[in-house]
Amino acid sequence: MRKVAIIGAGIGREHLSAYRALPEHFEVAAICDLDRVRAEDIAGGIPVETDLAKVLSSNVDIIDVCLPPHLHVSTAIAAMEAGKDVICEKPVATSLADVDKLEKVAAKTGRAVYPVFQYRFGVGVAQVLHLIRSGLAGEAFAASVETHWRRDADYYAAPWRGTWAGEQGGVILGHAIHAHDLICLLLGPLAQVSAQLATRVNDIETEDCAAITFTMQSGALVTSSATLGAGDDTSRIRLMFEGFTAESGLSPYAPAASEWTITPRASSAEAITSALAEVTAPRMGFQGFLQAIATGEDAVTLAQGRASVELVTALYASERTGRPEQLPLLRTHALYEGWQP
Ligand SMILES: NC(=O)c1ccc[n+]([C@@H]2O[C@H](COP(=O)([O-])OP(=O)(O)OC[C@H]3O[C@@H](n4cnc5c(N)ncnc54)[C@H](O)[C@@H]3O)[C@@H](O)[C@H]2O)c1
């Protein structure tokens, strides 16, 4: 049983529900928010604190950082130096230099940082991973990803959103980051990216539309379309493997929540059906993410968080130079210290 303090009572509310569903692994011992009323609104009897320093000096084991992006790295470092493991909402950091700082402090203190990527957890992704691991997928040829969400003025009422200083990036950092993480999980590391970005929907500093292409190290070609100007919220992923095509549903924030449509191509339908019958629906979303930390099986690693920050860095670099960007990025890269203008 590990004691957790949730810092930030926005998305922290959903983290809290997930901890509550896993009482054998976690006990939430504190909710911390500068806004006491907001914290009390979700706490349901859990002690509330407004001073992060007090929480850091308490006996909790895990600090769960649900703060705006510009506060992630400083809070995670302070938590590790206080002897705590860290769960950190996306983006875990907003520069490669900062992720490298996190890695150094983690190594020095022996603590862990778990970047939040809860979209990975659910039956759809489990199906595709199982087919890949069973050898039924073969080569990945191509894929497409859509992050078509709607964000209006009320969303941008939180003063940190839509700004370079607060949110630190737009749709490629705050929204499509989940779908892009899934692509890297299912198709392996990236070799090259190209991006066109624009602010077309809301009166904000950061981008809210993106047209992106990825070349994976395997050679697979991926297109990603992202906007915050859709009529409603949908996410969709289609993966074309040698053995089959896999297509998610349209659930915006939990694309793995339901089974994906698998259409056989080179692998036999029978082999696919019997492999899929072996997949038992895992816990999904935040619950799956936290259970993976508790059991040590398929927990999201800081190295995977670093890959997502590297991808965002490469996308901004490509957009600004008008050229494709090769990965991995070196520590001498022009945007190593960050992409914020
Ligand atoms: N994984 C996901 O699907 C998902 C979804 C939504 C948000 N997020 C991420 O979660 C993070 C928070 O987003 P949100 O929508 O909950 O934001 P939010 O603005 O609704 O909540 C942040 C809270 O942090 C509090 N806060 C700010 N500074 C603080 C401090 N120094 N000490 C204590 N509390 C402080 C604020 O009072 C606020 O209540 C962001 O990084 C965002 O990208 C992730």
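Residues numbered from 1 in each chain as written. Predicted model: local features only at pLDDT ≥ 70, side-chain atom pairs only at ≥ 80, totals over all residues. Heavy atoms only, no water.

This paragraph deals with the pairing of strand 7 (residues 140-150). Examined bridge by bridge, strand 7 and strand 11 (residues 229-241) share nine bridges and lie antiparallel to one another. What sits directly across from E146, in strand 11, is R236. (Pairing = 2+ DSSP bridges. Helix = DSSP H or I, 4+ residues; strand = E, 2+ residues; numbered from the N terminus.)

Time to look at the pairing of strand 9 (residues 209-216). Relative to strand 9, strand 8 (residues 190-198) runs antiparallel, the two being bridged by eight bridges. Counted as the bridge partner of Q192 is T215 from strand 9. Where strand 9 meets strand 10 (residues 221-227), seven bridges bridge the pair, whose relative direction is antiparallel. Among the inter-strand pairings, F214 is bridged to a residue of strand 10, identified as V222. Counting the residues in the hairpin turn of strand 9 and strand 10 gives four residues, including G219, whose phi is positive at 100 degrees.

As a further point, take the UniProt feature "domain: GFO/IDH/MocA-like oxidoreductase" (unreviewed entry) in the chain. With numbering matched to this structure, UniProt assigns "domain: GFO/IDH/MocA-like oxidoreductase" (unreviewed entry) to residues 126-239. Helix makes up 20% of residues 126-239 and strand 40%, whereas the separation of the span's terminal C-alpha atoms amounts to 14 Å. (UniProt positions renumbered as here; feature names shortened; annotations may be inferred.)

For the chain, the assigned domains are domain 1 (2-117) and domain 2 (119-282). When each unit is reduced to the centre of its C-alpha atoms, the spacing between domain 1 and domain 2 is 26 Å. Residue-level contacts link eight residues of domain 1 with 13 residues of domain 2. With both sides pooled, the region where domain 1 packs onto domain 2 buries about 900 Å², and carbon together with sulfur makes up 68% of that total. In terms of surface lost to domain 2, no three residues of domain 1 exceed H70, K90 and F117, which account for 61% of the buried area on that side. Viewed at the interface, domain 2 and domain 1 are joined by five residue pairs in polar contact (both at pLDDT 80 or more). The residue inventory of the side of domain 1 that touches domain 2, partitioned by class, reads five nonpolar, two polar and one charged. (Domains from an automatic or database assignment. Contact = heavy atoms within 4.5 Å. Buried area = accessible area lost by both parts, 1.4 Å probe. Polar contact = N/O pair within 3.5 Å; in protein donor to acceptor, adjacent residues only side chain to side chain. Nonpolar A, V, L, I, M, F, W, Y, C, P; charged D, E, K, R; others polar.)

What follows covers the packing of helix 5 (residues 96-109) against helix 11 (residues 302-321). Helix packing for two helices is described by the angle between their axes and how far apart those axes are. Running from amino to carboxyl end, helix 5 crosses helix 11 at an angle of 170 degrees, the nearest separation of the two axes being 9 Å. Relative to helix 11, the element helix 5 lies roughly antiparallel. Of helix 11, the residues touching helix 5 (which contributes L96, V99, D100, L102 and E103) are L302, A303, R306, V309, E310 and T313. Of the residues assigned to the contact of helix 5 with helix 11, the class counts are six nonpolar, one polar and four charged. (Axes fitted to C-alpha atoms, helices over the stretch in contact; angles between N-to-C directions. Parallel < 35°, antiparallel > 145°, perpendicular 65-115°, else oblique.)

Between helix 6 (residues 123-133) and helix 8 (residues 177-187), the least distance of the axes is 10 Å, while the angle of their chain directions is 25 degrees. Between helix 6 and helix 8, the angle falls in the class roughly parallel. Residues V125, V128, L129 and I132 of helix 6 form the contact with helix 8, whose own contacting residues are L182, L185 and L186.

Turning our attention to the sheet that holds strand 11. In space, the eight strands of this open sheet follow the order 13-12-11-7-10-9-8-14, with mixed pairing throughout. Strands with a single pairing partner mark the edges of an open sheet, and in this sheet they are strand 13 (261-264) and strand 14 (325-326). The strands touched by helix 8 within the sheet are strand 7, strand 8, strand 9, strand 10 and strand 11, with strand 11 carrying the most contacts at an inclination of about 5 degrees.

Turning to the UniProt feature "domain: Gfo/Idh/MocA-like oxidoreductase N-terminal" (unreviewed entry) in the chain, a few remarks are in order. When the UniProt feature table is mapped to this numbering, "domain: Gfo/Idh/MocA-like oxidoreductase N-terminal" (unreviewed entry) covers residues 3-114. Taken end to end, residues 3-114 comprises 41% helix and 21% strand; its first and last C-alpha atoms sit 16 Å apart.

Now for the sheet that holds strand 6 (residues 113-115). Taking strand neighbours across the sheet as the criterion, the six strands line up as 3-2-1-4-5-6 in an open arrangement whose pairing is parallel. Looking at which strands have only one partner, the edges of the open sheet turn out to be strand 3 (48-49) and strand 6. Of the pairings in the sheet, the one linking strand 2 (residues 26-32) to strand 3 comprises two bridges and is parallel in character. Among the inter-strand pairings, C32 is bridged to a residue of strand 3, identified as E49.

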